[in-house]
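# Close look at the chain arrangement
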Amino acid sequence: MKFHVVTIFPEFFRGPFEHGVVARAKAAGVLDIQVHDLRTWTSDRHKTVDDRPFGGGEGMLLKAQPVFDAVESIWPERTLGEAGRKVVLLSAQGRRFTQSVAREYAALESVLLLCGRYEGVDERVAEHLADEELSIGDYVLSGGELGAAVVIDAVARLIPGVLGNEASAVQESFTTAGLLDCPQWTRPAEFRGWKVPDVLLGGNHEEIRKWRIEAAREKTRRMRPDLLNEA
Ligand code: 4GX
């Protein structure tokens, strides 16, 4: 799977993908991440990517032209709504990014992530260039870069052949799908007087399996009751 990222801060992406699952997926050759500097597609002396909003108001917007030129140079033959690849604009106004969106993206050949800065992006990008606007949550970031990094991390660990994801896929069984993970403990069996549940120390695997399902249900009821009302 391939990610393209278009940003005015390409250096932002040096760090996050050099560790853990994403780094291993890149090393194994199942994941490729290409980061592009939006200023590549400017032609004036100051490499201008932003301008003032029509109608007035605070702040600046990313101009349509460099963003259209970037996408059209990275994917010259691409058409809106094409299967297999998607242009995604990170934006607080977007469709909510969830685990099911991550699974959807992991099945694609390529995703191009557009990171906005300033107060936003010329609306023609959302309307006529992006296949979708995507939000990682209901809060305001200062740019799309952190959102893009979150999307890449969550999608990368689902790509077939990424180390460890076969076992994890099996573990997300029918009975615990859509629930929070059950609580877990490691040694010692007692720490500052707090004891690990006896059943987990006993070695009765069938009993442990049933206990974990019930513990996952109880934790979900307590922390995220909204998840119990979903499909
Ligand atoms: N999940 N932001 C993008 C600039 C912007 C504004 C409008 C496009 C349209 C965010 C989020 C997020 C803040 C990223 C505004 N770009 N991104 N930025 N929540 O808050 O992804």
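Check the entry above for the structure.
No experiment lies behind these values; they were computed from the predicted model shown.

## Observations concerning the site of the ligand
Around the ligand, the surrounding shell holds 17 residues, and the nearest of these are Gly 120, Ile 136, Gly 137, Tyr 139 and Leu 141. Note that a nitrogen atom of the ligand is positioned 3.0 Å from one of the backbone N or O atoms of Gly 137. A distance of 2.9 Å is found between an oxygen atom of the ligand and a backbone nitrogen or oxygen belonging to Leu 141. If you map the ligand onto the pockets, it falls in the second largest pocket.

## Details of the pattern of salt bridges
If you walk through the whole model with that rule in mind, you get 13 salt bridges. Asp 131 is paired through a salt bridge with Arg 78; the nearest N and O atoms lie 2.9 Å apart. Placement of the pair is Asp 131 in the loop between α4 (123-128) and β7 (132-135) and Arg 78 in the loop between α2 (64-74) and β5 (85-96), with a sequence separation of 53 residues. Among the ionic pairs, Glu 132 bridges to Arg 95, the shortest N-O distance being 2.8 Å. Linking Glu 132 in strand β7 with Arg 95 in strand β5, this pair joins segments that are 37 residues apart in sequence.

## Things to note about the nonpolar core
The biggest cluster of nonpolar side chains holds 31 residues, and the ones touching the most others in it are Phe 3, Leu 31, Phe 97, Tyr 105, Leu 113, Val 151 and Val 155. Of all the secondary structure elements, the ones that give two or more residues to this core are β1 (2-7), α1 (20-27), β5, α3 (99-106), β6 (110-115) and α5 (145-156). With 7 residues, the top contributor of residues to this core is α5. With 22 residues, the next largest nonpolar core counts Leu 38, Ile 74, Leu 89 and Leu 112 among its residues.

What counts and what doesn't
The numbers attached to residues start from 1 for each chain and follow its sequence in the written order. Reporting in this predicted model follows two pLDDT cut-offs: at least 70 for local features of residues, and 80 or more for side-chain atom pairs to be given and counted; totals over whole chains, interfaces and linings ignore these cut-offs and use all residues. Think of the side-chain values as coming from all heavy atoms in the structure, minus any hydrogens and water. Neighbouring residues are identified by heavy atoms, a residue being near a molecule or strand if any of them is within 4 Å of it. Definition of a polar contact: a pair of N or O atoms within 3.5 Å, with one able to donate and the other able to accept a hydrogen when the atoms are protein atoms, and with sequence-neighbouring residues admitted only if both atoms are side-chain atoms. Using protein atoms alone on a 1 Å grid, points that fit a 1.4 Å probe yet trap it form a cavity, whereas open point sets bounded by protein on both sides within 12 Å along at least five of seven lines form a pocket; residues with an atom within 4 Å of a point count as lining. A cavity or pocket is said to hold a molecule if more than half of that molecule's atoms lie within 2 Å of its grid points. Any Lys or Arg side-chain nitrogen found within 4 Å of a carboxyl oxygen on Asp or Glu counts as a salt bridge. Working definition: helices are DSSP H or I runs of at least four residues, strands are E runs of at least two. Numbering for both runs from the N terminus. We define a nonpolar core as any set of buried Ala, Val, Leu, Ile, Met, Phe, Trp, Tyr and Cys residues linked to one another through side-chain atoms lying within 4.5 Å. Burial status follows relative accessibility: with a 1.4 Å probe on protein chains alone, a residue under 20% of its type maximum counts as buried, one over 50% as exposed, and anything between as partly exposed.

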